[in-house]
Amino acid sequence: MRSVEEYLVHVLGQLTPMPVLDVPLTEAHGCLLANDVHAPLDLPPWDNSAMDGYAVRMADVTGASPEFPAELDVIDDIAAGAVSSRVIKPGTCARIMTGAPIPEGAEAIVPVEQTDRGTTRVAIRAEPGEGQFIRVRGSDVAVGQALLAAGTELGSAQIGLLAAIGVARVEVHPRPRVVVISTGSELVEAGNALGPGQIYESNSYMLAAAAREAGAVAYRVGMVHDDEDAVLATIEEQTTRADLIITSGGVSAGAYDVVKGVLSQLGTVDFEGIKMNPGKPQGFGFIGGDGRFGTGTPIFTLPGNPVSSYVSFEVFVRPAIRRLRGLTPERRPMTQATLTVDLTSPAGKTQFMRGWVVPSGAYGLPEVRPVGGPGSHLLAGLAQSNCFIVVPEDVTEVKAGEQVNILRFGAPA
Ligand SMILES: Nc1nc2c(c(=O)[nH]1)N[C@H]1C(S)=C(S)[C@@H](COP(=O)(O)OP(=O)(O)OC[C@H]3O[C@@H](n4cnc5c(N)ncnc54)[C@H](O)[C@@H]3O)O[C@H]1N2
Ligand code: MOO
Ligand SMILES: [Mg+2]
């Protein structure tokens, strides 16, 4: 049996980042930039006002105060989007709005609050500093400037910047389309009544959400009964749109665990036991022949127990999605925390115990305690956790006060 580490290396070694795609900016969120971006223009493109107020000449307003205001003729009214054709000559000024271009001759902006708000004549009640509230051309971005490097993940702020420099389409490594399929004849879709022996299907919801958290575009196909033909048809159909398929259930030793058998007809998927708990039965490989890997569409077959599925996702699938996205490092960092109670762990398998980690009261390491038991059906304990306490294969007990490895999970990277 392979260790967790060996299996992760084995899986990642078979995946490469998604090929570059030209996408509209509205679809670029979460993608990685394929090329460096340089500014095609200055931002602001011209000097403009940072305040609603009056564009004035310095000499006209020297010494202006509430007691001795400077009186000026208002010769223009400049809204954002307009360009004034007037020149500000001595004794005159222009009313100007935030974002409007500074008229020729003006040297500072006096905010409207420091005036009597006049529209033909105005009393300026404060002396501005030279250049006050003028946003200078190119002060944000200068034409030709390197703005975003290839490989940058496009978050909301980066998308905003690209839009601001007029980029409508952008070349990226796209987010992989991940299809999630659950298998099991006992499963019922939420919203329906449960019959005898039935449970609500939860893995596909959970895994699709986890895939989204990992940066994929996730499609939840829902569930298929443990029927070879149905499982085969569903998986085959999804290869056309999926960059990665995740199934859950049907990979152990049960008489109706059909996923294994079906995939032996459809591709090159290896099934093996990994030295871990939960998450022992794993499958990874490729199906169909026309996927972008030549060998087909990559597929993970995860064990059906909900916590086993979740652990498998966090430990193997999440890094795989990051590899497809072109992101490094692929793995979340393993960090350390101080254990607050004693724990025991079976030998020979890496244990992923559910835990709750909090910052330490002192200045030391964070502190962590186990949540719930080790059973791989204990979904409530998982949902009340924020990390796995990762106990190595050869460790069978850890005492309170000792350090343990933890792997945080959930939304933030
Ligand atoms: N004789 C053996 N039995 C089992 C072994 C073994 O080595 N020998 N391994 C156990 C381990 S470990 C795991 S993990 C599970 C893996 O089971 P499968 O992948 O075959 O999954 P299923 O049999 O379909 O389901 C297992 C369990 O999980 C529930 N389940 C499945 N899918 C969902 C879903 N989408 N939503 C909610 N719950 C789901 C299902 O009802 C079962 O209770 O095998 C052990 N057995
Ligand atoms: O590996 Mo199973 O995941 O132990 O419950
Ligand atoms: Mg089974």
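These numbers were taken from a predicted model, which means no experiment stands behind them.

Undergrad: Help me understand the site of ligand 2 in this model?
TA: Lining the immediate surroundings of ligand 2 are Asn277, Pro278, Gly279, Lys280, Pro281, Asn305, Ser308 and Ser376. Here an oxygen atom of ligand 2 and a side-chain polar atom of Asn305 are 3.4 Å apart. Counted by class, the shell around ligand 2 contains 2 nonpolar, 5 polar and 1 charged residues.

Undergrad: Quick question: what am I supposed to make of the domain arrangement of the protein chain here?
TA: How big an interface is tends to be reported as the loss of accessible area on association of its parts. Parsing the protein chain into structural domains produces domain 1 (4-18 + 174-325), domain 2 (21-43 + 139-173), domain 3 (48-135) and domain 4 (335-408). A separation of 36 Å is found between the C-alpha centroids of domain 2 and domain 3.

Undergrad: I keep staring at the sheet that holds strand S12 (residues 169-173) and nothing clicks. Help me out?
TA: In any sheet, the strands associate via hydrogen bonds between backbone groups, in a parallel or an antiparallel arrangement. With antiparallel pairing, 3 strands are arranged side by side in an open sheet as S1-S12-S2. Each edge of the sheet is formed by a strand with only one pairing partner; in this case those strands are strand S1 (21-24) and strand S2 (32-33). The sheet contact formed by S1 and S12 spans 4 bridges and is antiparallel. Along S12, the bridge assignment pairs Leu21 with Val172.

Undergrad: Please clarify how the pattern of salt bridges should be interpreted in this entry.
TA: Scanning the model with the defined rule gives 16 salt bridges in all. With a closest N to O distance of 2.9 Å, Arg331 and Glu5 form a salt bridge. Of this pair, Arg331 sits in the loop between helix H7 (306-325) and strand S22 (335-339) while Glu5 is found in helix H1 (residues 4-12), placing the two residues 326 residues apart along the sequence. Salt-bridge contacts for Asp342 lead to Lys399; the nearest nitrogen and oxygen are separated by 4.0 Å. Pair noted here: Asp342 is in the loop between S22 and strand S23 (343-344) and Lys399 is in the loop between strand S27 (397-398) and strand S28 (403-408), with a separation of 57 residues, a long-range link. A single salt-bridge network, built from bridges that share partners, covers Glu189, Glu201 and Arg220.

Undergrad: How do you make sense of the side chain of Ser248 when you look at a structure like this?
TA: Relative to the assigned elements, Ser248 resides in strand S17 (residues 244-248). For Ser248, a relative accessible area of 2% gives the class buried. Here the side chain of Ser248 touches Asn203 through a polar contact of 3.2 Å, side chain to side chain. Each residue touching Ser248, except ones within four places of it in the same chain, is listed here: Ile181, Ser182, Thr183, Asn203, Leu207, Leu302, Pro303, Gly304 and Ser309.

Undergrad: How should I be thinking about the coordination of the magnesium ion (ligand 3) in this particular structure?
TA: Geometrically, a metal with four donors at the corners of a regular tetrahedron has ideal angles of 109.5 degrees, and one with six donors at the corners of a regular octahedron has ideal angles of 90 or 180 degrees. Taken together, Asp257 (OD) and Asp257 (OD) make up the full set of protein donors to the magnesium ion (ligand 3), lying 2.4 Å away. In this fold, Asp257 is placed in the loop between S17 and helix H6 (259-266).

Undergrad: Can you walk me through the packing of helix H5 (residues 228-238) against H6 in this structure?
TA: The description of two helices packed together rests on the angle between their axes and the distance between the axes. Put simply, H5 and H6 touch, their axes get as near as 9 Å, and they point 50° apart. As judged from the angle between their axes, H5 and H6 are oblique. Relative to H6, H5 is oriented so that their crossing is right-handed. Each of Glu228, Val231, Leu232, Ile235 and Glu236 in H5 lies in contact with H6, whose residues at this interface are Val259, Val262, Leu263, Gln265 and Leu266. Partitioned by chemical class, the residues of the contact of H5 with H6 number 7 nonpolar, 1 polar and 2 charged.

Undergrad: Explain helix H4 (residues 203-213) to me, please; I cannot follow it from the model alone.
TA: A turn of α-helix holds 3.6 residues, and therefore any two residues three or four places apart point the same way. Among all positions in H4, only Asn203, Ser204, Met206, Leu207, Ala208, Ala210 and Ala211 are buried. On its buried face, H4 is in contact with strand S13 (177-183), strand S16 (217-224), S17, strand S21 (297-302), H7 and helix H8 (379-383). Directly beyond the C-terminal end of H4, a positive phi value near 100° is found at Gly215.

Undergrad: What is the right way to look at the packing of H1 against H7 in this model?
TA: Two elements in contact, H1 and H7, have axes whose closest approach is 10 Å; the angle formed by their N-to-C orientations is 30°. By the angle class used here, H1 and H7 are roughly parallel. Relative to H7, H1 is oriented so that their crossing is right-handed. For the pair formed by H1 and H7, the contact residues are Val4, Tyr7, Leu8 and Leu12 on the first element and Val315, Phe316, Pro319, Ala320 and Arg323 on the second. Residue classes in the contact of H1 with H7 are distributed as 8 nonpolar, no polar and 1 charged.

Undergrad: Would you mind showing me how to read the sheet that holds strand S20 (residues 281-287) here?
TA: Strand order across the open sheet formed by 6 strands is S16-S13-S17-S21-S20-S18, with mixed pairing between neighbours. Each edge of the open sheet carries a strand with a single partner, namely S16 and strand S18 (267-273). Neighbour to neighbour, the strand axes of the sheet diverge by 15° on average, direction disregarded. Both S17 and S21 contribute to a ladder of 4 bridges, which runs parallel. For Ile245, the partnering residue across the bridge sits in S21 and is Ile299. Strands in contact with H6 are S13, S17, S18, S20 and S21; relative to S18, the strand with the most contacts, it is inclined by about 145°.

Undergrad: Where do I start with the environment of Val398 in this structure?
TA: Topologically, Val398 is positioned in strand S27. With sequence-adjacent residues up to four places away left out, Val398 is seen in contact with Leu339, Val341, Asp342, Leu343 and Val404.

Undergrad: When you look at the nonpolar core in this model, what are you seeing that I'm missing?
TA: Buried together is how nonpolar side chains tend to be arranged in soluble globular proteins. Counting residues in hydrophobic clusters, the biggest one holds 41 residues, and the most contacted among them are Phe300, Phe313, Phe316, Ile321 and Phe388. Sorting the residues of this core by element identifies H1, S13, H4, S17, S20, S21, H7 and strand S26 (387-391) as the ones contributing at least two each. Examining the composition of this core, we find that 10 residues originate from one element, H7, more than from any other. Of the residues that make up this core, three or more belong to each of domain 1 (4-18 + 174-325) and domain 4 (335-408). Beyond its immediate stretch of four places on either side in the chain, Phe316 contacts Val4, Tyr7, Leu8, Ile274, Met276, Gln282 and Phe300.

Reading guide: rules and limits
- Residues numbered from 1 in each chain as written.
- Chains lettered and ligands numbered in written order.
- Predicted model: local features only at pLDDT ≥ 70, side-chain atom pairs only at ≥ 80, totals over all residues.
- Heavy atoms only, no water.
- Near = heavy atom within 4 Å.
- Polar contact = N/O pair within 3.5 Å; in protein donor to acceptor, adjacent residues only side chain to side chain.
- Nonpolar A, V, L, I, M, F, W, Y, C, P; charged D, E, K, R; others polar.
- Domains from an automatic or database assignment.
- Pairing = 2+ DSSP bridges.
- Helix = DSSP H or I, 4+ residues; strand = E, 2+ residues; numbered from the N terminus.
- Salt bridge = Lys/Arg side-chain N within 4 Å of Asp/Glu carboxyl O.
- Buried < 20%, exposed > 50% of the residue type's maximum accessible area, 1.4 Å probe, protein only.
- Contact = heavy atoms within 4.5 Å.
- Donors = N, O, S within 2.8 Å, 3.2 Å for Na, K, Ca; no water.
- Axes fitted to C-alpha atoms, helices over the stretch in contact; angles between N-to-C directions.
- Parallel < 35°, antiparallel > 145°, perpendicular 65-115°, else oblique.
- Left-handed = near helix turned anticlockwise from the far one by under 90°.
- Core = buried A, V, L, I, M, F, W, Y, C linked by side-chain atoms within 4.5 Å.

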